[in-house]
Structure formats: structure tokens, C-alpha cells
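# Secondary and tertiary structure notes
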Amino acid sequence: MIKSIAILISNLNKTNIISQAKYTTSVLPQFSSEKYAVKRKNFGILKSADVEYFKSVLSEDRVLTDESDVLPFNIDWIKNCRGQSKIVLKPKTTDEVSQILSYCNKNRLAVCPQGGNTGLVGGSVPVFDEIVINLVHMNKIISLDDISGALVCEAGCILENLDNYVRDHNLIMPLDLGAKGSCHIGGNISTNAGGLRLLRYGNLHGSVLGIEAVKADGTVVDCLRTLKKDNTGYHLKHLFIGSEGTLGVVTKVAIHCPALPKAVSLGFFGVENFENLLKLYKSAKSSLGEILSAFEMADNKSISLTVENCKLSNPIGDYPFYVLIETHGSDETHDSEKLNRFLSQEMESGLILDGTVTSEPAKIKNIWHIRESIAGAGLINGYVFKYDVSLPLRNYYDLVLTLRTRVGDRARVYGYGHVGDGNIHINVSASKYSKELYAILEPFIYEEVAKVGGSISAEHGVGFRKPQFIHYSKDKTALQLMRDLKQSMDPNGILNPYKVLPDVPDIEKD
Ligand code: FAD
Ligand code: 2HG
Ligand code: ZN
């Protein structure tokens, strides 16, 4: 039976999932350097003369040195990593970023570029005393061409603010993610964020038209073009997309915004097993074709934990798996008919056990809210080990089952993600961080991913947490080219050290 969406989430509270996660525990995480036994590299140590210099470049209120003011910039969103920075700088212009970097480079002071600090791999916070360069004040929209869809803005603009702005011009941002209320477009680009609609709008290597970035020595690299086609030499903007602040600080961005869809419909369905879920994906692609904009899955444990911890209600009852299908099209009647027809057809075939379809914006928002809350829900119980992997679809869910057996009753293992991109998020939620559980999970998970040719980081990046595992997904020759690029663009290694690139093992040093 198709249940009415009217019963949906009467008690849905619009708690900001960002703050929800941040204040789940008052216990401060251990310093990353101690937790993961990292040795400080030979960088300069901040002196009062340096602080005076920064105050002369920025206004005093944009140089934070008070311990309690600096603390939130030292701790990541999942409260796993904690740095020991003594200073946060908040530039307002590219020129200020350039002056800061040029000074830091000359004085061998390491820096950590930071956007909304929603990253999930520890890349956005310092490890030791790196200077935090937070771009929150670089939040101006520079131009929008509503014919071509080219938006030009500063890197510190919050994704949701940009989306609201372009919607007034009948456009949308080409990416959407649960952290949209806090993450910056510069952070999105630096992590090559994927998100909920990559299936439809592609990744940022396709949408980003141009970038302005500042290199470690303060040189401003101007690739801020808004052209769709520009084959004049190397496509340098791609160096900054996904380089997680290790090659430069992104200061401005040009991005292509697709047309605002006239019709949006959403279905939330219960499914018996993963095999049926895959069949449903295949069927959705052929039945919904060009209007399919998202195909997301969550297992029973993901949804039950989320509705329980976030005090939401599940509109369709208890099922082993859930699928969220969204369409973006131009004809509301046609599109919702298509989705309803799909629902009836697949209920008849048995692939869907129960479900609901809606085109009402408020209801759509409520269902997405359940999906977007999964990331923060486990943190309410204490600690979550997060894994973001891509796998061949036939192996997509196997690792969750393997891990459940391996972990036993030590923790709760659940899987959800972007089926359309082969990207599953495996969360292992426990009451607290434990070295024993960590050793059970890593490197086992990465070994399993490598065995089937998957990626150990599908969309969140490598950050601080995964450099030592990058070899599971990157060939030696590719890694060497990455090192060569780093050496050429940041010879003193001041940009986001301890992130992305693993240290060269002693055995390979000559
Ligand atoms: P930060 O976390 O501040 O930084 C991330 C990395 O980028 C760091 O290495 C930092 O040094 C670097 N960086 C930031 N700004 C700059 C800059 N201007 N120049 C150079 N380097 C910079 N990610 C996805 O891909 N898909 C999702 O669906 C998704 N959903 C999420 C949902 C939730 C609830 C949360 C908390 C996170 C989610 N993420 C997701 C992860 C995260 O939000 C993204 O990685 C996001 O793009 C990070 O943006 P940020 O501004 O917060 O960057
Ligand atoms: C999502 O898709 C995010 O919700 C977060 O990428 C995933 O927290 C996670 O594991
Ligand atoms: Zn994701």
C-alpha cells in the first residue's frame, strides 16, 4: 500500500545538523599528533613579531590569538582531529592572502587553509601549530551571467547562500550536500566535493569554469575564466580542484550553474534486499532517464539510528533498505506521473515493498532532511569511524556485512550513500574512540577496497587521515607526479603539511 506522505515527520525539528554534531560531547578530542603519533616537521615557530606583522596586514579583529577563540578552528567536525594552532587569520581579499602566504613562505611558517571546517578527513584543521587561514570573510558574489549560468564569487561564500542567490535567477548550484549551510564553495572545490546530485550534474571538474588561487610564495594564479571552452594549454584549474589546500589557497571561483528545474519530485521507498536495490537502480535509469537527479540508498540501521537520535519520523515504516529517488525535470505533471508509474510498476514487480512520492517542496525537504542527517546521527552516541569508498556496484554493500561480522558487538556498522556514483559511506559508531577498534578497521577496510579495485576515498579526500593509505588507490608513478607538483608549487611544503601526500619511506630516500 502506498502510504500518504501527510503523516510525515510531524515532529521534524529543523536542528542545524552542523551544530548538532559539534555539541554532542563536551570532551575535547586528543591532539592529532599524539593520537596518530606524528612528528612535527621543521617549520618556523610563531613569534610575537609575526603576530604584529599579520595585524598590520589584516585589521586586529581578523587576527585571533586568544586560546578560546582559536579552539574551534583546531577541531574538526567529527571531533576526531585536534590541532594546536595559536593563531587564526581571516583575510578579506586576495591581496591579503597573498601577503600572508609570501610572509609565511619566507619565514617557513606552515599554514592550514580552512573553509567551513566541515571536512571529514581531518584536512581542515592543523596537526601541530600551523597558522589557520580561514576564508569566511571572502564571501562576496562578484557576478552572475543568467544566460550562460556563469557565477563568479569569492571562495568563502557558503554553498547554501550561493544556491539561494542563483535560485532567484532561475539557476541552481551544480552541487548539494548535507553540509551546505556551513561549507564554503572554496572548500567544496578544494575537496572536489561530490554530494547528492553528482549523478545528474557531474563533478566539479566539469562545472568549475575558472579559479583564482594563491601559491605558497604568494603568487596569485589567475585562471578565473568563465568560458566553457578554453584549450589554451594546460587546464591548470584542475590542479586546485581536490588538492585539499596543499597546492594553493583558492580565493575566487567561476562555476557553471544549471537551470533551476521547473519540476522536482521525490520518492522514498522500502526495499527487501540489496540485490533488489540494484535492480531498482537499473530500472530507474531506464524508466526515468534524463529526469533522474539522485539515487541514494541507506540501510535499515542508518535510518533507524537517524530517526531515533535526531527525533525524526520515518514516513514508510521499517524495511531492510531504503532508496531515495529524485527527479529534476521541466513538466510537473509528466514527471510526477512518471515517478508514480515507476512506483506502481516496481511495487507490482516486488522490487519496492512500500513507498511514497511527493512533489510538495516542504515534504521533499523533510525527506532529504532524514537522508542528510545520517552523517551526524551516529556522533550523538559518541564516536564514529567514517569510511568513504567507491566500489563496483556488485560489491557495493559486501563490506558492510563483512565489517559487521568482524566488529561484532563492539560497534554499530551501517552503510548509506550515492548508489549512482558507486560511493558508499560506511559508518562505524561506538560509544568512544578506541585503539582496539581502530586496529580492527584499518587497514583492513582499505585492503578490502583495493582487492575489488575500489577507491579508498570517493569524495571526502585524503586529508590528514588517509595519506598512509593512499597507495591502496594510487600507483607509485602517479604518487611521484603528485610529489613533483607539490615540490614545484610549494617547495618549502608550508601548505597544509601532513595532509594528502604520505612521507617518503626512509627506504626510498637516497
Ligand atoms: P573545510 O572542511 O574547511 O576544508 C576541507 C579541505 O579543503 C581542507 O583540506 C582545507 O585545507 C581545504 N580548503 C578549504 N578551503 C580552501 C580554500 N579556499 N583553498 C584551499 N584549500 C581549502 N562531502 C562530499 O563530497 N559529499 C557529501 O555529500 C558531503 N556531505 C557532507 C555532509 C555533512 C553533514 C558534513 C559535515 C560533511 C559532508 N561532506 C560531504 C564533507 C565536506 O562537507 C566537504 O568536503 C566540503 O566540500 C568541505 O568544505 P568546507 O568549506 O567545509 O572545507
Ligand atoms: C553524505 O553523503 C556525506 O551524507 C557524509 O558524504 C558521509 O558522514 C559520512 O559518512
Ligand atoms: Zn556523501
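Residues numbered from 1 in each chain as written. Chains lettered and ligands numbered in written order. Predicted model: local features only at pLDDT ≥ 70, side-chain atom pairs only at ≥ 80, totals over all residues. Heavy atoms only, no water.

## Considerations on the packing of aromatic side chains
For the record, the criterion: Any two rings among Phe, Tyr and Trp, with Trp reduced to its six-membered ring, count as a pair given centres within 6.5 Å; such a pair is stacked if its planes are under 30 degrees apart, edge-to-face if over 60, and tilted if neither. Whether a residue is buried, partly exposed or exposed follows from its accessible area with a 1.4 Å probe, protein chains only, as a fraction of its type maximum: under 20%, in between, or over 50%, in that order. Sitting over a ring, as applied to charges here, requires NZ of Lys or CZ of Arg to be within 6 Å of the ring centre and within 35 degrees of the ring normal.
Under the counting rule described, the total for this entry stands at 22 aromatic pairs. Ring geometry for Tyr383 versus Phe385: centroids 4.9 Å apart, planes at 75 degrees, classification edge-to-face. For the pair formed by Tyr383 and Phe385, the shared burial category is buried. An aromatic cluster of three or more residues is present, and its members are Tyr36, Tyr383, Phe385, Tyr433, Tyr438 and Phe464. Across from the ring centre of Tyr433, 4.2 Å away, lies the NZ or CZ of Lys35, which sits over that ring. Positioned over the ring face of Phe444 is Arg406, at 3.8 Å from the centre of the ring.

## Let's talk about the pattern of salt bridges
Rule in force here: Throughout this description, the term salt bridge denotes a Lys or Arg side-chain nitrogen within 4 Å of a carboxyl oxygen of Asp or Glu. Runs of H or I in DSSP of at least four residues are treated as helices and runs of E of at least two as strands, each being numbered from the N terminus.
The full count for this structure, using the stated rule, is 19 salt bridges. Two residues, Arg40 and Asp129, come together in a salt bridge whose shortest N-O distance is 3.1 Å. Within this pair, whereas Arg40 is found in the loop between helix 2 (32-35) and helix 3 (48-57), its partner Asp129 is found in the loop between strand 3 (111-114) and strand 4 (131-134), the two being separated by 89 residues in sequence. A relative accessible area of 30% places Arg40 in the partly exposed class. For Glu290, the salt bridge identified is with Lys338, shortest N-O distance 3.7 Å.

## Observations concerning the sheet that holds strand 13 (residues 354-358)
Threshold: When DSSP finds two or more bridges between two strands, those strands count as paired. Where helices are involved, their axes are fitted lines through C-alpha atoms of the stretch in contact, as for all axes, and angles between N-to-C directions lie from 0 to 180°.
In spatial order, the strands read 13-10-12-11-15-16-14; together these seven strands make up an open sheet with antiparallel pairing. Each having just a single partner strand, strand 13 and strand 14 (383-390) make up the two edges of the open sheet. Pairwise comparison of adjacent strand axes, ignoring direction, gives a mean angle of 15 degrees for this sheet. Summarising the sheet, strand 11 (residues 292-299) and strand 15 (residues 412-418) pair through three bridges and their orientation is antiparallel.

## Digging into the coordination of the zinc ion (ligand 3)
Worth spelling out the cut-off: A donor here means an N, O or S atom no more than 2.8 Å from the metal, or no more than 3.2 Å when the metal is Na, K or Ca. Since water is not included, a site may seem to lack partners.
Taken together, His418 (NE2), His425 (NE2) and Glu459 (OE) make up the protein donors of the zinc ion (ligand 3), found 1.9 to 2.1 Å from the metal. Along the chain, the residues donating to the zinc ion (ligand 3) are arranged with the sequence spacing H-x6-H-x33-E. Of the residues examined, His418 reaches a relative accessible area of 3% and is grouped as buried. With a relative accessible area of 5%, His425 lands in the buried category.

## So, the domain arrangement of the protein
We apply this condition: Annotation comment: domain bounds sourced from an automatic or database domain assignment. Contacts are assigned to residue pairs with any non-hydrogen atoms lying within 4.5 Å of each other. By buried area we mean how much accessible surface two parts lose on assembly, using a 1.4 Å probe and totalling the loss over both. Think of a polar contact as two N or O atoms within 3.5 Å of one another; within protein, one of them needs to be a possible hydrogen donor and the other a possible acceptor, and neighboring residues in sequence only count if both atoms come from side chains. Each residue is assigned to one of three groups, with Ala, Val, Leu, Ile, Met, Phe, Trp, Tyr, Cys and Pro labelled nonpolar, Asp, Glu, Lys and Arg labelled charged, and all others, Gly among them, labelled polar.
Each assigned domain of the protein is listed with its residue range as follows: domain 1 (11-19 + 261-377), domain 2 (32-134), domain 3 (141-256) and domain 4 (382-473). On a C-alpha basis, the centroid separation for the pair domain 3 and domain 4 is 28 Å. Each side of the interface is counted separately: domain 3 has nine residues, and domain 4 has eight residues. A buried area of about 530 Å², summed over both sides, lies between domain 3 and domain 4, and 42% of it is on carbon and sulfur atoms. Summed over the shared surface of domain 3 and domain 4, the result is zero salt bridges. Summed over the shared surface of domain 3 and domain 4, the result is four residue pairs in polar contact (both at pLDDT 80 or more). Residues that form the side of domain 3 that touches domain 4 fall into these classes: four nonpolar, four polar and one charged.

## Observations concerning the site of ligand 1
Rules: One heavy atom within 4 Å of a molecule or strand is enough for the residue carrying it to be called near that molecule or strand. Working definition of accessibility: Shrake-Rupley area with a 1.4 Å probe, residue cover restricted to the visible protein chains.
Close contacts around ligand 1 come from 36 residues, with Pro113, Gly115, Thr118, Gly119 and His184 the closest. Between Gly116 and ligand 1, the recorded distance is 2.8 Å, taken from a backbone N or O atom to an oxygen atom. Here Asn496 contributes a side-chain N or O atom positioned 3.0 Å from an oxygen atom of ligand 1. Burial of ligand 1 by the protein chains amounts to 97% of its free accessible area of 960 Å². Sorting the residues of the shell around ligand 1 by element identifies strand 3, helix 7 (185-191) and strand 9 (249-256) as the ones contributing at least two each. Per-element tally for the shell around ligand 1: the top contributor is helix 7, with five residues. Of the residues assigned to the shell around ligand 1, the class counts are 12 nonpolar, 22 polar and two charged.

## Some remarks on the site of ligand 2
Neighbouring ligand 2 are the residues Leu120, Arg371, Ala375, Lys386, Tyr416, His418, His425, Asn427, Glu459 and His460. In this structure, His425 approaches ligand 2 through a side-chain N or O atom, which is 3.0 Å from an oxygen atom. Between ligand 2 and Glu459, the relevant distance is 2.9 Å, taken from an oxygen atom to a side-chain nitrogen or oxygen of the residue. In isolation ligand 2 has 290 Å² of accessible area, and contact with the protein removes 89% of it. Secondary-structure elements contributing two or more residues to the shell around ligand 2 are helix 14 (361-377), strand 15 and strand 16 (423-430). Grouping the amino acids of the shell around ligand 2 by side-chain chemistry returns three nonpolar, four polar and three charged.

## Quick word on the sheet that holds strand 3
Either a parallel or an antiparallel arrangement is found when strands of a sheet pair, and the pairing is made through backbone hydrogen bonds. Ordered by their spatial adjacency, four strands build an open sheet running 1-2-4-3, and the pairing between neighbours is mixed. On the outer flanks of this sheet lie strand 1 (63-64) and strand 3, each paired with one strand and no other.

## What to know about the pairing of strand 16
Across the eight residues that make up strand 16, a large majority, eight, are buried. On strand 16, burial covers both faces: Asn423, His425, Asn427 and Ser429 on one face and Ile424, Ile426, Val428 and Ala430 on the other are all buried. When strand 14 meets strand 16, the two strands line up antiparallel, connected through eight bridges. Directly across from Val389, in strand 16, lies its bridge partner Ile424. Turn length for the strand 15-strand 16 hairpin, with the two strands adjacent in sequence and antiparallel, is four residues, and the turn residue Gly422 shows positive phi of about 65 degrees.

## Let's talk about the side chain of Asn427
When you line up the elements, Asn427 lands in strand 16. For Asn427, the side chain forms a polar contact with the side chain of Lys386, separated by 2.8 Å. Ignoring sequence-local partners within four residues, the contact set of Asn427 consists of Ala375, Val384, Phe385, Lys386, Arg412, Val413, Tyr414 and Tyr416.

## Observations concerning helix 12 (residues 300-309)
Every α-helix carries 3.6 residues per turn, so stepping three or four residues along brings you back to the same face. Of the positions making up helix 12, those classed as buried are Ser302, Ile303, Leu305, Thr306, Val307 and Asn309. Lining the buried residues of helix 12 we find strand 10 (263-271), strand 11, strand 12 (321-329), helix 14 and strand 15. A positive backbone phi angle near 55 degrees is found at Lys311, which sits one or two residues after helix 12.

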